[in-house]
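# Report on the structure
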Amino acid sequence: MSNSVISVISRFLEEYTTTTPNKLKVVDAYLLYILLTGALQFLYCLLVGTFPFNSFLSGFISCVGAFILGVCLRIQINPQNKGDFLSISPERAFADFLFAHTVLHLVVMNFIG
Amino acid sequence: MAFVTRDGLFGLFLFSLALAGAQALTPAHYLSLSDVARLQSLLNQQFTDLESAYYSVVGLTKLGATVHDHEGVCRFLKSQLDPTDVNSVFFAAETSQAISGCEIPVSNETRDILLAAVSEDSTMTQIHRAVSALRSLGLALASQEVVGALTGRISKEDNVMAITLALQTAARLSKQAELGGILEEIEDLTPRLDDLGGIYLQFEEGLEATALFVTAAYSLSDHVDMEPPLKEDQVIQLVNSIFSKKSWDSLAEAFSVASAAAALSNNRFHVPVIVSAPGPATVSHSQPTLQLLVTDVMSQPLAMANVLVESAYAVASKSVILSQAPFTLNDGVFELNFMSSKPTSGYYQFTVAVTGDTRLVANHVELKVKVSTEVSVTSMDLSVVDKDQSIGTKTTRVDYPSKGKSSFTADSHQNFAMSFQLVDTNTGVELTPHQTFVKLHNQKTGQEVVFVAEPDSKSVYKFELDTAERKSEFNSISGTYSLHLIVGDATLENPILWNVADVVLKFVDEEAPVAVQPKTLYMPKPEIQHLFREPEKKPSTVVSNTFTALILSPLLLLLILWLKLGANMSNFSFTPSTVLFHAGHAAMLGLMYVYWTHLNMFQTLKYLAIIGGLTFLAGNRMLAQKAVKRIEKK
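Residues numbered from 1 in each chain as written. Chains lettered and ligands numbered in written order. Predicted model: local features only at pLDDT ≥ 70, side-chain atom pairs only at ≥ 80, totals over all residues. Heavy atoms only, no water.

## Some remarks on the interface of chain B and chain A
- With 34 residues of chain B at the contact, the number on the chain A side is 29 residues.
- One can count one salt bridge joining chain B with chain A.
- Remark: the boundary between chain B and chain A carries four residue pairs in polar contact (both at pLDDT 80 or more).
- Going through the elements one at a time, α14 (541–565), α15 (576–597) and α16 (601–633) of chain B are the ones with two or more residues in the side of chain B that touches chain A.
- Broken down by element, the side of chain B that touches chain A gets its largest block of residues, 13 residues, from α14 of chain B. (Contact = heavy atoms within 4.5 Å. Salt bridge = Lys/Arg side-chain N within 4 Å of Asp/Glu carboxyl O. Polar contact = N/O pair within 3.5 Å; in protein donor to acceptor, adjacent residues only side chain to side chain. Helix = DSSP H or I, 4+ residues; strand = E, 2+ residues; numbered from the N terminus.)

And the structure:
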């Protein structure tokens, strides 16, 4: 059983490194960073406690929001998905990404206390 | 329609009658004898000029008081008189009429000046004073001309004081003149009175205006012998307004009140009646007569009044005790022997009617009379009853006011019982007063416990003390308690506090007798210190710092990954829009930090709008350029 899992994972990684364009890998690295940051924040909250709760929430939501926006950007600039996003150029996707982030940061900063 | 049946109409008629009766107003304020004396002493001041002399002398005369030293007053008037001034002549003339044997000599010049003042061009005050002076000095006057002047003046000076003076002036004119127009002014002026709570009726110009209006209205009405258009309730409300003030600011005000008092007690149409009891309206066996004083608003007794009790009923039972019973006049006071009707003790509602004169106003008065009596305690039986009733009860009879000879002992197996009756000493009827208490007083500790004794259906009072059940109220302190019976009521003349007997109570689980300190209830209590909300415990700095470093580590990982992937800045073109875009973006991130530390949302939004706008424009440009480059590359 574990054998097949390992072989699946190794096959996936191989395919990933060869077929994915560089641009997407850059975005993927960014997403991984966001994920780790969020996970560490959650771990802190579990271990040490929820004081101050508003700060924890704002930090965690910032990570979650950024991750979601990053995923949206990745989907929109992926050349394989070009058919689904005919009216949205990669530049437009990036501009949307920036604008949404501005709003997200405003909210997070308001809530961080 | 259902209303138009005979029964319906009759019912409606009765209803309106009841309503009218319910709304009959009686005076709440009047001049008592001390008020009249106070008014007189105010008017009796030494006067310094003609005006104050006028107010003093004429005011006192209206109150029926004597003015001293008529000769001195006359001399004063003659010395102060200025024959060329209408006001001066007016004051002197009126005052001289009030005292006897004083003739003010008048020259033709003065007469001409007075006659000239009577015209439409003089003020109302001048016309009034001139006409009054001419009349008081016995000089001839053309009444119809005066009426013309007054009517013309009223249309120019349409205020309360002016119209009141016009009324007063008209009362001095000949009856042959056409005074109807001026008489109508009373009716026109009445709606200008302010109704306060249905009790007071006065002009907003104040007490003096109201009082002078009343005086003038009745003066003119008497003169033309026509009833003034004032309803009974309005008259009473005016009485309330004028006589509610018991100390007066000026001579003029005092004079106006005195004039009004004289007008209301002595005119041909409306004389308000004041019915009052000289002391508390209480009747008892020792004092069987109910006394009433029936006077006018100046506390002068009414000569030809007949006072009658229309009906008297008991408040509690609503049964009618008296109907159409007359009072007898005894030395200025109206008396009625109420006890002869043998009323039981309690409160009675009397409706008293004063008749004998058609002018009387507010002559139906409601009065509450109290009948008090004496109470005595009979058949006081004390006993100690065993709870399981195995041993027979021993009842001891105690007579008021002596104390039971032996003390009673009751322990936790026994009940102490008491029964008695309260009867009216005079009639023998059983009473149920408001307060019947049994007080047990511990002689050693000073503790008092009070219980209520309740009557049963036969009006026999019973009190039972269950020693075991009640021990918490006694704090389980055994010992000798003195037993007192307390009886009281508003209608009892002899409240009772009777030490009936001593009772020894034995409780189980006796605690050490603690001296009861009743005073601790009123000593200052310990001060309460405010406890501020304690801030939540923060984790130690070591933990926080560790986690901060931990959080920053993925950033490191990101940079490493990006380097590995070959992300670089080789495509960075230094076009102005690119530079501006990056600068703007950096500024926005900087603004976020500043927002966290210094600003509030509104300021941030303002700055964000500015920077964001610039960044958007620059970014748009930059991305468009990039898009063009991308398409070119393809």
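Once you've had a look at it, read on.
## So, the state of the cysteines
Residues and elements named next belong to chain B.
- A full pass over the atoms with the stated rule returns one disulfide over all chains.
- Paired through a disulfide, Cys74 and Cys102 show a sulfur-sulfur distance of 1.8 Å. In this structure, the disulfide formed by Cys74 and Cys102 twists by about 90° around the S-S bond and is classed as right-handed. A residue pair is termed long-range when its members are at least 10 positions apart, and Cys74 in helix α4 (residues 70–80) and Cys102 in the loop between α5 (86–98) and α6 (108–117) qualify at 28 residues.
- Classification of Cys74 by relative accessible area gives buried; the value is 7%.
- On the basis of relative accessible area, Cys102 is assigned to the buried category, the value being 9%. (Disulfide = S-S within 2.5 Å. Buried < 20%, exposed > 50% of the residue type's maximum accessible area, 1.4 Å probe, protein only.)

## Re the packing of α6 of chain B against helix α7 (residues 124–136) of chain B
Residues and elements named next belong to chain B.
- Between α6 and α7, the least distance of the axes is 8 Å, while the angle of their chain directions is 135°. Viewed along their axes, α6 and α7 adopt a mutual orientation that is oblique. Two packed elements cross with a definite hand, and for α6 against α7 that hand is left-handed. For the pair α6 and α7, contact is made by Arg111, Leu114, Leu115 and Ala117 and by Ile127, Ala130, Ala133 and Leu134, respectively.
- Tallied by class, residues from the contact of α6 with α7 come to seven nonpolar, no polar and one charged. (Axes fitted to C-alpha atoms, helices over the stretch in contact; angles between N-to-C directions. Parallel < 35°, antiparallel > 145°, perpendicular 65-115°, else oblique. Left-handed = near helix turned anticlockwise from the far one by under 90°. Nonpolar A, V, L, I, M, F, W, Y, C, P; charged D, E, K, R; others polar.)

## Some thoughts on the UniProt feature "transmembrane region" (unreviewed entry) in chain B
Residues and elements named next belong to chain B.
- Per the UniProt record, "transmembrane region" (unreviewed entry) is annotated on residues 547–567, 579–598 and 604–624.
- Secondary structure content for residues 547–567 is 90% helix and 0% strand, and the end C-alpha separation is 29 Å.
- Across residues 604–624, the secondary structure splits into 100% helix and 0% strand, with the terminal C-alpha atoms separated by 28 Å. (UniProt positions renumbered as here; feature names shortened; annotations may be inferred.)

## Concerning helix α2 (residues 22–48) of chain A
- The end-to-end C-alpha distance of α2 of chain A is 39 Å, a good match for the 39 Å that 27 residues give at a rise of 1.5 Å each.
- Remark: Gly49 of chain A follows α2 of chain A within two positions and exhibits a positive phi of approximately 120°. (Expected span 1.5 Å × (residues − 1).)

## A short note on the sheet that holds strand β23 (residues 496–505) of chain B
Residue and element names in this part refer to chain B.
- Reading across from one edge, β16-β23-β22-β18-β19 is the order of the five strands in this open sheet, with mixed pairing throughout. Looking at which strands have only one partner, the edges of the open sheet turn out to be β16 (408–410) and β19 (448–452). On average, adjacent strands in this sheet sit at an angle of 30° to one another, irrespective of strand direction.
- When strand β18 (residues 435–442) meets β19, the two strands line up antiparallel, connected through five bridges. Bridge pairing in β19 links Val438 to Phe451. (Pairing = 2+ DSSP bridges.)

## Looking at the pattern of salt bridges
Residue and element names in this part refer to chain B.
- Following the criterion strictly, the structure yields 20 salt bridges over all chains and no others.
- With a closest N to O distance of 2.9 Å, Glu157 and Arg153 form a salt bridge. By the burial criterion, Glu157 is buried, and Arg153 matches it.
- Through salt bridges with shared partners, a single ionic network connects Asp35, Arg38 and Lys246.

## Quick look at the UniProt feature "transmembrane region" (unreviewed entry) in chain A
Residue and element names in this part refer to chain A.
- Sites flagged by UniProt as "transmembrane region" (unreviewed entry) map to residues 30–49, 55–73 and 93–112.
- Annotation note: span residues 55–73, helix share 100%, strand share 0%, distance between end C-alpha atoms 27 Å.
- Helix makes up 100% of residues 93–112 and strand 0%, with an end-to-end C-alpha separation of 28 Å.

## What about the confidence of the model for chain A?
- When pLDDT is averaged along chain A, the result is 88, and 99% of the positions lie at 70 or above.
- Summarising per-element confidence for chain A, the mean pLDDT is lowest in helix α1 (residues 2–19) of chain A (88) and highest in helix α3 (residues 53–77) of chain A (92). (pLDDT = per-residue confidence, 0-100.)

## Quick look at the side chain of Arg129 of chain B
- Position of Arg129 of chain B among the secondary structure elements: in helix α7.
- With sequence-adjacent residues up to four places away left out, Arg129 of chain B is seen in contact with Val86, Asn87, Phe90 and Phe91 of chain B.

## A short note on the packing of aromatic side chains
- This model, assessed by the stated rule, comprises 25 aromatic pairs over all chains.
- Relative to Phe60 of chain A, the ring of Phe56 of chain A has its centre 5.7 Å away and its plane inclined at 25°; by these criteria the two rings are stacked. Placement of both Phe56 of chain A and Phe60 of chain A in helix α3 is noted, with a separation of four residues, approximately one turn of the helix.
- According to the relative accessible area criterion, Phe56 of chain A is buried, its value standing at 16%.
- By way of ring pairs, the aromatic residues Tyr54, Tyr55, Phe90, Phe91 and Phe255 of chain B are connected into one cluster.
- Sitting over the face of the ring of Tyr347 of chain B, Lys368 of chain B holds its NZ or CZ atom 5.7 Å from the ring centroid.
- Positioned above the aromatic ring of Tyr607 of chain B is the side chain of Lys606 of chain B, whose terminal nitrogen or guanidinium carbon lies 5.4 Å from the ring centre. (Phe/Tyr/Trp six-rings, centres within 6.5 Å; stacked < 30°, edge-to-face > 60°. Lys NZ or Arg CZ within 6 Å of the ring centre and 35° of its normal.)

## Observations regarding helix α9 (residues 160–170) of chain B
All names here are of chain B.
- Judged by how many residues are buried, α9 sits mostly within the fold: 10 of 11 residues are covered.
- Residues of α9 that are buried: Val160, Ala162, Ile163, Thr164, Leu165, Ala166, Leu167, Gln168, Thr169 and Ala170.
- Packed against the buried residues of α9 are α7, α8 (143–156), α10 (180–189) and α11 (207–224).
- Structurally, the start of α9 carries an N-cap: the backbone nitrogen of Met161 is 3.3 Å from a side-chain oxygen of Asn159.

## Structural notes on a nonpolar patch on the surface
- Residues Val5, Ile9, Phe12 and Leu13 of chain A make up a contiguous nonpolar surface patch of roughly 390 Å² in combined accessible area.
- Relative to the assigned elements, Leu13 of chain A resides in helix α1. (Patch = residues over 30% accessible without salt bridge, like charges linked within 9 Å, V, L, I, M, F, W, Y side chains within 5 Å. Areas by Shrake-Rupley, 256 points an atom, 1.4 Å probe, with all protein chains shown as cover.)

## A short note on a negative patch on the surface
- Together, Asp194, Asp195, Glu204 and Glu205 of chain B make up a negatively charged patch on the protein surface.
- Along the chain, the position of Asp195 of chain B falls in strand β1 (residues 194–196). (Lys, Arg positive; Asp, Glu negative; His and termini not counted. Charge placed at Lys NZ, Arg CZ, Asp CG, Glu CD.)

## What about unusual backbone geometry?
Residue and element names in this part refer to chain B.
- For Ser299, which is not a glycine, the phi torsion comes out positive at approximately 60°.
- Within the element layout of this structure, Ser299 appears in the loop between β6 (289–295) and β7 (306–314).
- Positive phi values are uncommon outside glycine, yet Ser459 reaches one of about 65°.
- Topologically, Ser459 is positioned in the loop between β20 (454–455) and β21 (460–466).
- Judged by its relative accessible area of 17%, Ser459 is buried.

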